[in-house]
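# Geometric and topological summary
The lines below spell out each chain.
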Amino acid sequence: MKIIIFSFFFVLTSITGCTQEKKDNSTLVSSKNKMVNSTPFLTKQKDFIYVDKTSLKPLTSQKFTNASTFTPTGFATVENEKNEYAIIDENGKIVLDFSPQTISLDVVNGLTFYKKEIEYEKKMPIWKWDWNILGGDIEKEQTYHKVEIGVLESKQILLNEDIPYLDDYFYLNFISVNENHVYWNGTLYEIKKSRLNKIDNDIVELLENSRFIKESNKTYSIYELNNKKAIHNGLNGIETLSIQFGKETITLNAINKERYEPEVPKLLIDNKTNNIYAFPQYEKVFPKQIRKATSSQIDFIKKTSLIYSITNSPYFLLGVFDYDDDVWAFDWLYIDTKGNVVDNIDTYNFKVLDQIGYLVWPDAKMIIPHQYIEKNWKVGKINSYEGMNNLYIIRVEDVSKKLRMKGLWNKEKNTWEIKPEYYAITVLDAEKEIYALQKEENSLYTLYDNKNKKNIGSKSYKSINSEGLVNVKLNSGEDIYYYIDIYSGKEYKEN
């Protein structure tokens, strides 16, 4: 099982071609962000217009075949009857002209980043033709995609390339480093007058506290922002680690093995000092010797295959994969920077996910005590997203009924906030505890306010996303999309 560190918020996508890309990147609140009080409204003619959320009064006379909600900076993507896309501001003014290229938006540090993209067939020179040795047609074209990424406020273009479809792909994944700096595509930028100025590149990993890792010929260095001299220089990746216990040297082989080679090794060693720094933040030195441990703990350590540094704590996580249990999972021990081994620690603000996003640590035993698990239940996969704090979405299988359902568990109170009676629980707003609940497979979703323990509105939908975009099937069998207020259930469409 490949293990990754919890970092990205659950993404709920909108209509293809007219979306706002959303992720957790510690986006800073900016004075440039506006109080947006307008929303797309679906008319009887199946056009979208923008209206005031409260009065439903139209703000302009413009009509679109598709429209997004406004970003906190006051921009939205729209589509016309020619299937062309553009960006408008809150007054309806076009700030990026209509074109066949789909458009995505993202806001970081008060700036609006956009991506325009289109796929097309490009005629290739004869030496790049795809000759079919078994006969048949000769492929004289290849699929390309044209990508443009830039800053909307300053019209600065950061990238404009035509790329073979199967080659490199560029994401709109800007990350806030601090209020004046962002990281994107291996480069660190400083923000000045709504423009990005490169200050460092060839960065392979961004760390907390304005730190980052650079790589040269498989050698890694760790830097701090505004400090040209590396904190740690000449680090190399390792998968074998030795630790001293009394007179015994314990050698651990194949530590943090990955199915696919990571961009930065999970363990880095300074060959001058033999100091070892561990994923994800590489912020403290792994102890060179064990000072305090029981014989059973030493036996456990000798089988260790996973070592991670637990952020904002003196501890490292030691994992041994248990293949014999009914549910394959890790068993855990912990060692601090002084070499003291313990069986249990506080959970801290640290989570480990597997490669498809299910929680590995803290595990089910730490989250839901055995006495709260009913006789015929078997606890399955667990999800936790940023902002959920002590709430966890847990899959429970009733073995006797062969029924798998989900519930929302409160670890702090040891109680079900939402009983495991639902096929799906979708997080729409983690902090305000707004969820979309699906009772059975292929049934409709309803809105639920967990803080106030009540359903929101009286309607149900085929799908609901965090922006309030819903999908409804009409009696005619036609699917329509429109927006609602996920906090009140108010629908923005003409009756």
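Summary of the structure given here. Computed from a prediction, not measured in an experiment: that's the story for all the values here.

Structurally, S309 can be placed in strand β25 (residues 306-309). Since its relative accessible area comes to 1%, S309 is described here as buried. Within the structure, the side chain of S309 is placed 2.9 Å from the side chain of E283, a separation counted as a polar contact. Contact partners of S309, with chain neighbours within four places excluded, come to A278, F279, P280, E283, K284, Y315, F316 and F350.

Nonpolar side chains collect at one region of the surface, where I126, W127, W131 and I138 lie side by side and expose about 500 Å² of accessible area between them. Here W131 shows up in the loop between β10 (111-123) and β11 (141-151).

What follows deals with the sheet that holds strand β20 (residues 227-237). Sheet architecture is open: six strands sit in the order β17-β18-β19-β20-β23-β24, paired in antiparallel fashion. Where the open sheet ends on each side, the last strands, each with one partner, are β17 (203-207) and β24 (275-278). Across the sheet, the mean angle separating the axes of adjacent strands is 35 degrees when strand polarity is ignored.

Relative to the elements of secondary structure, N450 occurs in the loop between β37 (445-449) and β38 (454-461). Along the chain, N450 and N236 lie 214 residues apart, while their C-alpha atoms are 48 Å from each other. If we skip the residues at most four places from it in the chain, N450 touches L391, L408, E417, I418, E433 and Y435. A polar side-chain atom of N450 sits 2.7 Å from a polar atom in the side chain of E433. Reaching out from N450, the side chain makes a polar contact with the side chain of K453 at a distance of 2.8 Å.

What follows covers the sheet that holds strand β5 (residues 66-67). Strands pair in a sheet through their backbones, by hydrogen bonds, and they do so in one of two ways: parallel or antiparallel. With antiparallel pairing, the four strands of this open sheet are ordered in space as β5-β6-β7-β8. Looking at strand neighbours, the two that pair on one side only are β5 and β8 (94-99), the edges of this open sheet.

Relative to the helices and strands, V107 resides in strand β9 (residues 102-108). Overall, V107 belongs to the buried group, its relative accessible area being 11%. The sequence separation of V107 and V151 amounts to 44 residues, and the corresponding C-alpha distance is 9.8 Å.

This next bit is on the pairing of strand β15 (residues 187-192). Where strand β14 (residues 181-184) meets β15, four bridges bridge the pair, whose relative direction is antiparallel. If you follow W184 over to β15, its bridge partner there is T187. As consecutive antiparallel partners, β14 and β15 are separated by two residues, and within that stretch N185 has a phi angle of approximately 55 degrees, a positive value. Note: β15 against strand β16 (residues 195-200), five bridges, orientation antiparallel. In the strand pairing of β16, K192 is matched with R195.

Here the focus is a negative patch on the surface. On the surface, a cluster of negative charge is made up of E119, E121, D130, D137, E139 and E141. For D130, the location among the structural elements is in the loop between β10 and β11.

In this section: unusual backbone geometry. Note that the residue after F279, namely P280, is joined by a cis bond; omega there is 10 degrees. Note on placement: P280 falls in the loop between β24 and α1 (295-301). The residue after W361, namely P362, is reached through a cis peptide bond having omega 0 degrees. Here P362 shows up in the loop between β30 (359-361) and α2 (364-367). With phi around 65 degrees, L56 is a residue other than glycine that occupies positive phi space. Among the secondary structure elements, L56 is positioned in the loop between β4 (48-52) and β5. With phi around 60 degrees, N209 is a residue other than glycine that occupies positive phi space.

Here the focus is the environment of L188. Within the secondary structure, L188 is located in strand β15. Overall, the relative accessible area of 2% leaves L188 in the buried class. Counting along the chain gives 13 residues from L188 to I175, while the straight-line C-alpha distance between them is 9.6 Å. The contacts of L188, once residues within four sequence positions are left out, are V177, V182, Y183, N197, K198, I199, D200, I203, F212 and L225.

Before going further, it helps to spend a moment on the nonpolar core. Counting residues in hydrophobic clusters, the biggest one holds 32 residues, and the most contacted among them are Y50, L447, I464 and Y482. In contact with Y482, not counting residues within four places along its chain, are L42, F48, Y461, G468, L469, V470, V472, E491, Y492 and K493. Residues V204, Y308, F321 and F350 belong to the second largest nonpolar core, which totals 25 residues.

Our focus in this paragraph is the packing of aromatic side chains. This model, assessed by the stated rule, comprises 18 aromatic pairs. Ring centres of F48 and Y483 lie 6.2 Å apart, and the angle between their planes is 70 degrees; this geometry places the pair in the edge-to-face category. Residue F48 is found in strand β4, and its partner Y483 is found in strand β41 (residues 479-484); the two are separated by 435 residues along the sequence. Both residues of the pair, F48 and Y483, belong to the buried class. Here a set of aromatic residues connected by ring pairs shows up, and it is made of Y372, W377, W409 and W416.

Turning to the pattern of salt bridges, a few remarks are in order. Within this structure, the stated rule accounts for 15 salt bridges. Its salt-bridge partner being D162, residue K146 comes within 3.7 Å of it at the nearest N-O pair. Here K146, found in strand β11, pairs with D162, found in strand β12 (residues 156-164); they are 16 residues apart in sequence, far enough to count as distant. Two residues, K257 and E239, come together in a salt bridge whose shortest N-O distance is 3.3 Å. Separated by 18 residues along the polypeptide, K257 in the loop between β22 (248-252) and β23 (267-270) and E239 in the loop between β20 and β21 (241-245) bring together distant segments of the chain. For K257, a relative accessible area of 51% translates into the label exposed. Taken together, the salt bridges that share partners define one network made up of K462, K473 and D479.

Procedures and definitions
- Residues numbered from 1 in each chain as written.
- Predicted model: local features only at pLDDT ≥ 70, side-chain atom pairs only at ≥ 80, totals over all residues.
- Heavy atoms only, no water.
- Helix = DSSP H or I, 4+ residues; strand = E, 2+ residues; numbered from the N terminus.
- Buried < 20%, exposed > 50% of the residue type's maximum accessible area, 1.4 Å probe, protein only.
- Polar contact = N/O pair within 3.5 Å; in protein donor to acceptor, adjacent residues only side chain to side chain.
- Contact = heavy atoms within 4.5 Å.
- Patch = residues over 30% accessible without salt bridge, like charges linked within 9 Å, V, L, I, M, F, W, Y side chains within 5 Å.
- Areas by Shrake-Rupley, 256 points an atom, 1.4 Å probe, with all protein chains shown as cover.
- Salt bridge = Lys/Arg side-chain N within 4 Å of Asp/Glu carboxyl O.
- Pairing = 2+ DSSP bridges.
- Axes fitted to C-alpha atoms, helices over the stretch in contact; angles between N-to-C directions.
- Lys, Arg positive; Asp, Glu negative; His and termini not counted.
- Charge placed at Lys NZ, Arg CZ, Asp CG, Glu CD.
- Core = buried A, V, L, I, M, F, W, Y, C linked by side-chain atoms within 4.5 Å.
- Phe/Tyr/Trp six-rings, centres within 6.5 Å; stacked < 30°, edge-to-face > 60°.

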